[in-house]
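# Close look at the chain arrangement
One letter stands for each residue in the lines below.
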Amino acid sequence: MLEVQNLSMRFGGLLAVDQVSVDVREHEIVSIIGPNGAGKTTVFNCISGFYKPTGGKILFQGQEIQGKPDYKISRLGMVRTFQHVRLFSKMTVVENLLVAQHRHLNTNLLAGLLKTPDYREREKKSLERARYWLDRVGLLEMANWEAGNLAYGQQRRLEIARCMVTEPQLLMLDEPAAGLNPAETKELDQLIVSLKEDYNVSVLLIEHDMSLVMGISDRINVINQGRPLASGTPEEIRQNDDVIKAYLGEA
Amino acid sequence: MAAHNLKHALFCAIITIIIAYPILGLNLVAQGTSVALEGATTATVINVFLAAVAVFLFQLFRDSIMGVFGKVPNLNPMAKRGPISQERRLLMERVFFVAIILLALVWPFIVSRGAVDLATLVLIYIMLALGLNVVVGLAGLLDLGYVAFYAVGAYTFALLSQYFGISFWLALPIGALLAALFGFVLGFPVLRLRGDYLAIVTLGFGEIIRILLNNWTTLTGGPNGIGGIPDPTLFGMEFGRRVKEEGNVSFHETFGIAYSGEHKVIFLYLIALVLAVFTLLVIRRFMRMPVGRAWEALREDEIAARSLGMSRTAVKLSAFTIGAFFAGFAGTVFASKQGFISPESFVFLESAIILAIVVLGGMGSQVGVILAAIAVTILPELAREFSEYRMLIFGAAMVLMMVWRPQGLLPMRRIQIELKEQG
């Protein structure tokens, strides 16, 4: 469903990403790994439209999306999280999920002002969807807390729930396990797999935590210094000499 | 520590002299046809010197003086109370609104005509401030040219009535919609800017509109303004002594009461009151709607909001347009109240005052903004006795306010949507 072909991104004299190709098929978890500064997040930013790639093609469901504005790409059904959690911290947990559903809610202003039955119905539905996902990620009890008061691991899960209420086809997670303890990582591991199994969402993952990546990925792409190094199943990557030299060996 | 204080105190004292001496001491005096500069009198020199000494002493012992202030027990009885629950707060806000609206309804019948006139002005400022509150307080866009939309509303009514004889009631929605359209069109190119840049560009827009009104003499009459703007009518009843337009009847004759100039003033006041309440309720509703959440989300974290499919331009534009709409409302009422408008009424100072109201009241807080609008409009009137120093007092009050309560009179507390237990 997502095909990235020979993506390049140049910042002035620095070629941050050079000819990287990634593809994600339906019902698949694909990881991008690589040492710090390898250009993984830059690839993410290009795919999600925060950067305009300087070369290459990005196809989503067969449609070229490179250079499109970020919000349009998100509306196509690929939503991302961030390396550093980005919640609306002054809003409550449930409001964070309501904001994410603004597209399903944003009828004309008049309907909202007059509280038409249709508007009420939509609002009720979005609250129900929010409740469902809060329950799903185990945050129902904190629904009315300010999001900024949640523990770090909870914030991570809320960010994923916030993506899921938009009903995406592809979920892009940027280092979701960063800053989590082993128990929380394990929970996250199960959550990601269940998103794929139960909701038929494909996942594109950037991660440092090797056990997480090796455990859940269907395929892995390795990037080093902006260039593709290897790609294949976790087994193949584990045995690839280049990868071991560049990345696993050092770690 | 002491040495540092001494140096700082000396510096402050010298600055005081440098600023105060030319302003207070030097006078321009006309001598025949030429102008001569006259030096300071002895009394002024002594006063400036005393002021410098006072500044010097205050800065020298600043720490201990402020320390004494700190020891004064907290005068605010509310300070030690914990936060109140949302339901209680909403109830209190509702009681406040009802009380102030009731008071506003009785007001014109118990006070003088001048006070009613002033109250109308207060209501106009409340409308303006509530509108700007959407742009600055909720959406977080610093708009320094808000007065432009106020001017659009006022001039729309003035021009329509002058050229087409359109009445207040028809001009009211037209003025507001045209102001909103201006907000939309002007907002489109500038809203990709942020922070300081946006502030400067909006400042420019405000000035462009004013200068345009000033120079397009054939249409707007330029600096001479437009006069003879009609008063609003009540179902075709006019409030003048004699009926101006054919087919209308006059208010006092219909009801068989003696003519009084006060009727018109009170009627206009009541219109302003209805519109201000309308503004309040509509914006309050917006705050709880998806569009209100989108404003706040974009203000809190633009990148996250965009990643969730929110169009930055559309969301900001909606705030800008809605803010402009209510400024247009206020402008139409203002034109009708004054009966005469000129570009003089729409200078940058107006934008600054409206912004000051929003900031003083507490950005995003409706109760705070209403209180601040009342205070900022009435205080200069009360301070009239101090004549030329009243703006100085006004300025000092603002500085002190920002030092002691930078978050505003009543800082914004969000109205949160709660997920109820499933029943």
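Everything numeric in this text was worked out from a predicted model, so none of it was measured.

### Comments concerning the packing of helix α3 (residues 93-100) of chain A against helix α12 (residues 290-300) of chain B
One way to put it is that α3 of chain A packs onto α12 of chain B with a least axis distance of 10 Å and a crossing angle of 105°. Here α12 of chain B runs roughly perpendicular to α3 of chain A, going by the angle between their axes. Between α3 of chain A and α12 of chain B, the residues in contact are Glu95, Leu98 and Val99 of chain A and Arg293, Ala294 and Ala297 of chain B, respectively. Class assignment of the residues belonging to the contact of α3 of chain A with α12 of chain B gives a composition of four nonpolar, no polar and two charged.

### A few points about the confidence of the model for chain A
Of all residues in chain A, 96% have pLDDT values of 70 or greater, and the mean over the chain is 88. Between the elements of chain A, mean pLDDT differs from a low of 70, seen in helix α4 (residues 102-105) of chain A, to a high of 93, seen in strand β7 (residues 170-174) of chain A.

### Things to note about the interface of chain A and chain B
Interface size is commonly expressed as the accessible surface area that is lost when the partners come together. With 30 residues of chain A in contact, the opposing surface of chain B contributes 24 residues. Where the side of chain A that touches chain B is concerned, the elements lending two or more residues are α2 (70-76), β6 (78-80), α3, α4, α5 (109-114) and α6 (117-136) of chain A. Looking at which element gives the most residues to the side of chain A that touches chain B, the answer is α3 of chain A, with five residues. Tallied by class, the residues present in the side of chain A that touches chain B amount to 14 nonpolar, eight polar and eight charged.

### Points about the nonpolar core
Residue and element names in this part refer to chain B. In terms of nonpolar packing, the biggest core is built from 169 residues, with Met127 and Ala129 touching the most fellow members. Take this core: its biggest share by element is 17 residues, from helix α5 (residues 113-138). When neighbours within four sequence positions are excluded, Ala129 is seen to be in contact with Ile354, Ile357, Val358, Val369 and Ala373.

### Looking at the domain arrangement of chain A
All names here are of chain A. Taken domain by domain, chain A consists of domain 1 (1-77 + 169-251) and domain 2 (86-167). Each of domain 1 and domain 2 has a C-alpha centre, and the two are 27 Å apart. Sorting elements by how many residues they give to the side of domain 1 that touches domain 2 places helix α8 (residues 182-199) first, with three residues. Taken together, the residues that form the side of domain 1 that touches domain 2 break down as five nonpolar, one polar and two charged.

### Some details on the sheet that holds strand β1 (residues 2-11) of chain A
All names here are of chain A. The four strands lie next to each other as β2-β1-β4-β5, forming an open sheet whose pairing is antiparallel. At either end of the open sheet lies a strand with only one pairing partner, and these are β2 (14-24) and β5 (63-64). Direction of pairing for β1 relative to β2: antiparallel, over a ladder of seven bridges. If you follow Phe11 over to β2, its bridge partner there is Leu14.

### Considering the environment of Ala297 of chain B
Residue position: Ala297 of chain B is located in helix α12. Along the backbone, Ala297 of chain B and Val315 of chain B are 18 residues apart, and their C-alpha atoms lie at a distance of 9.9 Å. Those residues in contact with Ala297 of chain B that lie beyond four places of it in its chain are Phe88 and Val99 of chain A together with Ala305 and Met310 of chain B.

### So, the pairing of strand β2 (residues 34-38) of chain B
All names here are of chain B. In terms of burial, β2 is largely open, as just zero of its five residues are buried. In the sheet, strand β1 (residues 27-31) pairs with β2 via five bridges, with the strands oriented antiparallel. Residue pairing in the sheet places Val29 in a bridge with Ala36 of β2. Here β1 folds back onto β2 in antiparallel fashion, the turn holding two residues, of which Gly32 has a positive phi close to 65°.

Rules used in this analysis
Residues numbered from 1 in each chain as written. Chains lettered and ligands numbered in written order. Predicted model: local features only at pLDDT ≥ 70, side-chain atom pairs only at ≥ 80, totals over all residues. Axes fitted to C-alpha atoms, helices over the stretch in contact; angles between N-to-C directions. Helix = DSSP H or I, 4+ residues; strand = E, 2+ residues; numbered from the N terminus. Parallel < 35°, antiparallel > 145°, perpendicular 65-115°, else oblique. Contact = placed C-beta atoms within 7 Å. Nonpolar A, V, L, I, M, F, W, Y, C, P; charged D, E, K, R; others polar. pLDDT = per-residue confidence, 0-100. Core = buried A, V, L, I, M, F, W, Y, C linked by C-beta atoms within 7 Å. Buried ≥ 20, exposed ≤ 12 C-beta atoms within 10 Å, placed from the backbone. Domains from an automatic or database assignment. Pairing = 2+ DSSP bridges.

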